[in-house]
Amino acid sequence: MTGRLPLRVTILAAERRLADAGVASPRVDAELLAAHVLGVERTRLALVPLVDPPVRDAIDRLVAERARRVPLQHLTGRVAMGSITIMVGPGVFLPRLETELLLAWGLAELEAVRRPTVVDLCTGSGALALAVAAARPDATVHAVDLDPAALAWARRNAEHRSAAGDTPIRLHAGDVADPDLLSDLDGRVDLVLCNPPYVPLGTEVPPEVAEYDPGQAVFGGPDGLDAIRHVVRCAARLLAPGGRVAIEHDDTHGESVPALLAARRLLTDVTDHVDLAGRPRFATASRKAL
């Protein structure tokens, strides 16, 4: 087909193709791919009424990849978290929208804390740590991961955000199961955040997760709690009196993760929180004051 066509026609065709492929949000993904090709924000697509054949072809190529269930974020190369956008791609877990709620909770808890110390366990791409550093330039933020591939992405993102003027974060190669992890921070941390691997083994997951997210960043053992048990112990050790912890979890963990937190004598104020769909999504607690 030659000549210019309305962008809405291209987007409608893309939406139908993605819906037929089983993509969960076909309209949103079609618009985001079009915006990526055009180099505009999704909210400004209405300002581009007509597109030329090369633009349509570029959109169509990306839509074909998305229809094969390649993650949207791999096609655009980026994902938003809080006020920032970070780079993502093969080899690193893709942050989800639900994690924005955990971030917002953590930032709200820091509002009254001057020069806070924050630890992001299982940092992956560095999304949470970097979003905190962008929102709180006075914070000292530590980010930890065991996977070298994830740390490479986190380092790349950290360098990018530092070049943009954000306070640099401190990256650490480490295992949440290590009883000496960040031991120099014992009793000194104001906030611990964690989006660990928490999906129980055997759980059916979408192709985007099964084929593209690193398995070690998704699955948390038979009950999904293997990493979380270590995170709870680590957080209880790291937190200063009055410090707070937030751990994202599977929607089947609405009772089990709060129970793990409540079992630690140093922790109190245990609460579970739901996501935008009303499903249990993250648990929080405080370290008891002296």
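Every value quoted in this text rests on a predicted model; they were computed, and no experiment measured them. (Residues numbered from 1 in each chain as written. Predicted model: local features only at pLDDT ≥ 70, side-chain atom pairs only at ≥ 80, totals over all residues. Heavy atoms only, no water.)

*Asks:* Sorry if this is basic, but what is going on with the overall build of the protein here?
*Replies:* Tallying secondary structure elements over the protein gives 10 helices and 11 strands in all. Relative to its length of 290 residues, the protein is compact, with a C-alpha radius of gyration of 20 Å against a globular reference of 19 Å. Based on the C-alpha atoms only, the size of the protein along its principal axes is roughly 70 × 45 × 30 Å. Counting across all 290 residues of the protein, residues that qualify as buried make up 49%. The contacts of the protein with a sequence gap of at least 6 include a subset with a gap of at least 24, amounting to 66%. Taking the average place of the 32 positive charges on the side chains of the protein and the average place of its 38 negative ones, the gap between the two points comes to 4 Å. (Helix = DSSP H or I, 4+ residues; strand = E, 2+ residues; numbered from the N terminus. Rg over C-alpha atoms; globule rule 2.2 N^0.38 Å. Buried < 20%, exposed > 50% of the residue type's maximum accessible area, 1.4 Å probe, protein only. Contact = heavy atoms within 4.5 Å. Lys, Arg positive; Asp, Glu negative; His and termini not counted. Charge placed at Lys NZ, Arg CZ, Asp CG, Glu CD.)

*Asks:* How do you make sense of the environment of Leu62 when you look at a structure like this?
*Replies:* Here Leu62 shows up in helix α3 (residues 53-67). Its relative accessible area of 17% is what places Leu62 among the buried residues. Through-space distance from the C-alpha of Leu62 to that of Leu33 is 6.9 Å; in sequence the pair is 29 residues apart. Discounting chain neighbours no more than four positions away, the residues touching Leu62 are Leu33, His36, Val37 and Leu75.

*Asks:* Can you help me understand helix α2 (residues 26-38) in this one?
*Replies:* Note: α-helices contain 3.6 residues per turn, so residues at a spacing of three or four share the same orientation. Look at α2: 18 Å from first C-alpha to last across 13 residues, which is about the 18 Å you get at 1.5 Å a residue. For α2, every residue scored as buried is listed here: Pro26, Asp29, Ala30, Glu31, Leu33, Ala34 and Ala35. Of the surrounding secondary structure, the elements contacted by the buried residues of α2 are α1 (7-20), α3 and α4 (72-76). (Expected span 1.5 Å × (residues − 1).)

*Asks:* For this particular structure, what's the right way to read the packing of α1 against α2?
*Replies:* For any two helices packed against each other, the geometry is given by the interaxial angle and the distance between the axes. Look at α1 against α2: their axes get within 8 Å of each other, and the N-to-C directions meet at 130°. By the angle class used here, α1 and α2 are oblique. Classified by chirality, the crossing of α2 by α1 is right-handed. Residues Leu7, Ile11, Leu12, Ala14, Glu15, Leu18 and Ala19 of α1 pack against Pro26, Arg27, Asp29, Ala30, Glu31, Ala34 and Leu38 of α2. (Axes fitted to C-alpha atoms, helices over the stretch in contact; angles between N-to-C directions. Parallel < 35°, antiparallel > 145°, perpendicular 65-115°, else oblique. Left-handed = near helix turned anticlockwise from the far one by under 90°.)

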